[in-house]
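# Coordinate inspection notes
This is what each chain is made of:
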Amino acid sequence: MGLHFILQHLDKSGTYVTLLFVDFSLAFNTIIPTLLQTKLTQLSVPSSICQWITSFLTGRHQLVKLGKFMSNSRTTSTGAPQGCVLSPLLFSLYTSDCTSTDPSVKLLKFADDTTVIGLIQNGDESAYRQEVEQLAAWCSLNNLELNTLKTVEMMVDFRRNTLALPPLTIMNSTVTTVESFRFLGTTISQDLKWDTPIDSIIKKAQQRLYFLRQLRKFNLPEGLLTQFYSAVIESVLCTSITVWFGSATKSDIRRLHRTVRTAERIIGAPLPTLQELYTSRVISCFGLSVLTCRYLGFAVVALLVEINSIFLHLRQMLRMASTAKSTMYRVNSMINLGTYVVFRINTLAWMTRWLVLNRDQIPLFSYTLGSVGLAIMTLMNIVLFYRLLRTDFLKSSREKDVKKDKDM
């Protein structure tokens, strides 16, 4: 969602984005049960559940044991227990009233990971800086302490001419500016390229292939090895795959596929490709968008393109397997060509029609950029359509005619 806000904003001229990755000091330990109960009541949570949560958080006995030694017991009535399943949920409810009041500033929260996204237009950061001040004031009122040493700022700016702005300060401390940041397990860089996270994913997956080889030496059955691969290696390869796979370079995709093929050789059984995993997750995200009624337009376009991509990739796999003259290949070619026309060319025509009908409501720069982009995409799709038609249909019909002439 945050990446969607960023890319959508950067399509406009004279814009850039600032991201503030907020770090709280001992976030779960600072929850005040009475204040949490008040907020839960405002959220229409039944009073019995509010009282049960308050009772759970207050009067907890804690002690420290080291070897044979044990400290005296202390009673605490502040914070939520570390490692408790309820703690992230309670913290999210505790910070539910911390929201942004300006539409140009987005506040994203995932448990205790909070990110402020400033959508800056014409170099005016006043709304963004005001929201940061309000966040600091809200933290003071709710017993939360901002860790200014670990709170960092990153700027995504593709403008040619930039102006130097004063650094951001929080509680008289200057916030450090970084070029990349690891957010929820994925490294985000200011140029929005995915080389660094893909390198990290490949390195981590290759390290775990060692354990797969060791298990193979003990003659474990294929089923258990496949389960181990899915849980330990595939989970790493699919980290945020819906975010970066569509923008990955061919060389990066080849490196990722090489890791999957290595695992296949170790296990001795076929494994799902990253393209298949990516497609399944895109369809899952589409279903989530339909259920929540959010970003339906973007989800529909992405799904339509992915449906045709399935047959395009199957066509390539069949050609690599030297089965270009089989019945399966001919059936796939017909479905591929049909879905290409319906899901790609028709979608481009629909997008072009929408752009023309709404040209008065779109900024000139965005309209020009969209028109040029659609023109290039349309030309590329027409060329690819002609190549598919020539290779799979026209060429085969010519070969039949030549064969008939020879027979005569």
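Residues numbered from 1 in each chain as written. Predicted model: local features only at pLDDT ≥ 70, side-chain atom pairs only at ≥ 80, totals over all residues. Heavy atoms only, no water.

Once that is clear, we can look at the overall build of the protein chain. A count of helical and extended segments in the protein chain gives 13 helices and 13 strands. Projecting the C-alpha coordinates of the protein chain onto the three principal axes gives extents of approximately 100 × 65 × 45 Å. By residue count, 35% of the 408 residues in the protein chain fall in the buried class. A separation threshold of at least 6 residues defines the contact pool for the protein chain, and within that pool the share at least 24 residues apart is 68%. As presented, the protein chain carries roughly 24,900 Å² of accessible surface, and 60% of it is formed by carbon and sulfur atoms. Side chains of the protein chain give 43 positive and 29 negative charges; the mean places of these two sets differ by 9 Å. (Helix = DSSP H or I, 4+ residues; strand = E, 2+ residues; numbered from the N terminus. Buried < 20%, exposed > 50% of the residue type's maximum accessible area, 1.4 Å probe, protein only. Contact = heavy atoms within 4.5 Å. Areas by Shrake-Rupley, 256 points an atom, 1.4 Å probe, with all protein chains shown as cover. Lys, Arg positive; Asp, Glu negative; His and termini not counted. Charge placed at Lys NZ, Arg CZ, Asp CG, Glu CD.)

Bringing the pairing of strand β6 (residues 105-110) into the picture now. Summarising the sheet, β6 and strand β7 (residues 113-121) pair through six bridges and their orientation is antiparallel. Among the inter-strand pairings, Leu108 is bridged to a residue of β7, identified as Thr115. What sits between the antiparallel neighbours β6 and β7 is a turn of two residues, in which Ala111 has the positive phi angle 55 degrees. (Pairing = 2+ DSSP bridges.)

It is worth spelling out the packing of aromatic side chains at this point. Counting across every chain of the model gives nine aromatic pairs. Taken together, a centroid distance of 6.1 Å and an interplanar angle of 65 degrees make the contact between Phe24 and Phe91 edge-to-face. You can see Phe24 sitting in the loop between β1 (15-22) and α2 (33-42) and its partner Phe91 sitting in helix α4 (residues 86-94), a full 67 residues away along the chain. Look at Phe24 and you get buried, because its relative accessible area is 10%. Measuring from ring centre to ring centre gives 6.1 Å for Trp244 and Phe245, while their planes differ by 55 degrees; the resulting arrangement is tilted. When its relative accessible area of 0% is taken as the criterion, Trp244 is described as buried. Look at Phe245 and you get buried, because its relative accessible area is 5%. (Phe/Tyr/Trp six-rings, centres within 6.5 Å; stacked < 30°, edge-to-face > 60°.)

This part covers the sheet that holds β6. Spatial ordering of the open sheet is given by β6-β7-β1-β8-β11, a layout of five strands whose pairing is mixed. The open sheet has two free edges, formed respectively by β6 and β11 (176-177), since each of these has just one partner strand. By the bridge criterion, two bridges tie strand β8 (residues 152-156) to β11 in an arrangement that is parallel. Across the sheet, the residue bridging to Val152 is Thr176, located in β11.

Turning our attention to the UniProt feature "transmembrane region" (unreviewed entry) in the protein chain. Taking the numbering used here, the UniProt-annotated feature "transmembrane region" (unreviewed entry) corresponds to residues 295-314, 334-352 and 364-389. Segment residues 334-352 splits into 100% helix and 0% strand. End C-alpha atoms: 26 Å apart. Taken end to end, residues 364-389 is 100% helix and 0% strand, and its two terminal C-alpha atoms sit 37 Å from one another. (UniProt positions renumbered as here; feature names shortened; annotations may be inferred.)

Next up on the list: unusual backbone geometry. Although it is not a glycine, Leu26 sits at a positive phi angle of roughly 50 degrees. Secondary-structure assignment places Leu26 in the loop between β1 and α2. Positive phi outside glycine occurs at Asn219, with the angle close to 60 degrees. Along the polypeptide, Asn219 turns up in the loop between α6 (195-217) and α7 (222-237).

This next bit is on the packing of α2 against α4. At their nearest, the axes of α2 and α4 sit 9 Å apart, and the two run at 70 degrees to each other. Regarding the angle of α2 to α4, the classification is roughly perpendicular. Counted together, Leu35, Leu36, Lys39 and Leu40 of α2 and Leu90, Leu93 and Tyr94 of α4 form the full contact between these two elements. Residues that form the contact of α2 with α4 fall into these classes: six nonpolar, no polar and one charged. (Axes fitted to C-alpha atoms, helices over the stretch in contact; angles between N-to-C directions. Parallel < 35°, antiparallel > 145°, perpendicular 65-115°, else oblique. Nonpolar A, V, L, I, M, F, W, Y, C, P; charged D, E, K, R; others polar.)

This part covers a positive patch on the surface. Taken together, the side chains of Arg213, Lys250, Arg254, Arg258, Arg261 and Arg265 make up a positively charged region of the molecular surface. In terms of residue count, helix α9 (residues 250-267) provides more of the positive patch than any other element does, five residues in total. (Patch = residues over 30% accessible without salt bridge, like charges linked within 9 Å, V, L, I, M, F, W, Y side chains within 5 Å. Salt bridge = Lys/Arg side-chain N within 4 Å of Asp/Glu carboxyl O.)

Inspection of the entire model under this criterion finds six salt bridges. Measuring nitrogen to oxygen at the nearest pair gives 3.2 Å for the salt bridge that ties Lys39 to Asp97. A residue pair is termed long-range when its members are at least 10 positions apart, and Lys39 in helix α2 and Asp97 in the loop between α4 and β6 qualify at 58 residues. Given a relative accessible area of 6%, Lys39 falls into the buried group. What makes Asp97 partly exposed here is its relative accessible area of 39%. The shortest N-O distance in the salt bridge between Arg255 and Asp252 comes to 2.8 Å. Taken as a pair, Arg255 and Asp252 lie in helix α9 at a separation of three residues, close to a single helical turn. Residue classification places Arg255 among the partly exposed residues on the basis of a relative accessible area of 26%.

Take the nonpolar core next. Judged by nonpolar contacts, the single largest core of 32 residues is most densely connected at Leu20, Phe24, Leu36 and Tyr128. For this core, the elements supplying multiple residues, two or more each, are β1, α2, α3 (47-57), α4, β7 and α5 (126-141). If you tally residues by element for this core, the top one is α5, at seven residues. The contact partners of Phe24, leaving out residues within four places of it in the chain, are Phe91, Asp112, Thr114, Cys139, Leu144, Glu145, Leu146 and Asn147. Trp194, Leu237, Phe245 and Tyr278 belong to the second-largest nonpolar core, a separate cluster that totals 28 residues. (Core = buried A, V, L, I, M, F, W, Y, C linked by side-chain atoms within 4.5 Å.)

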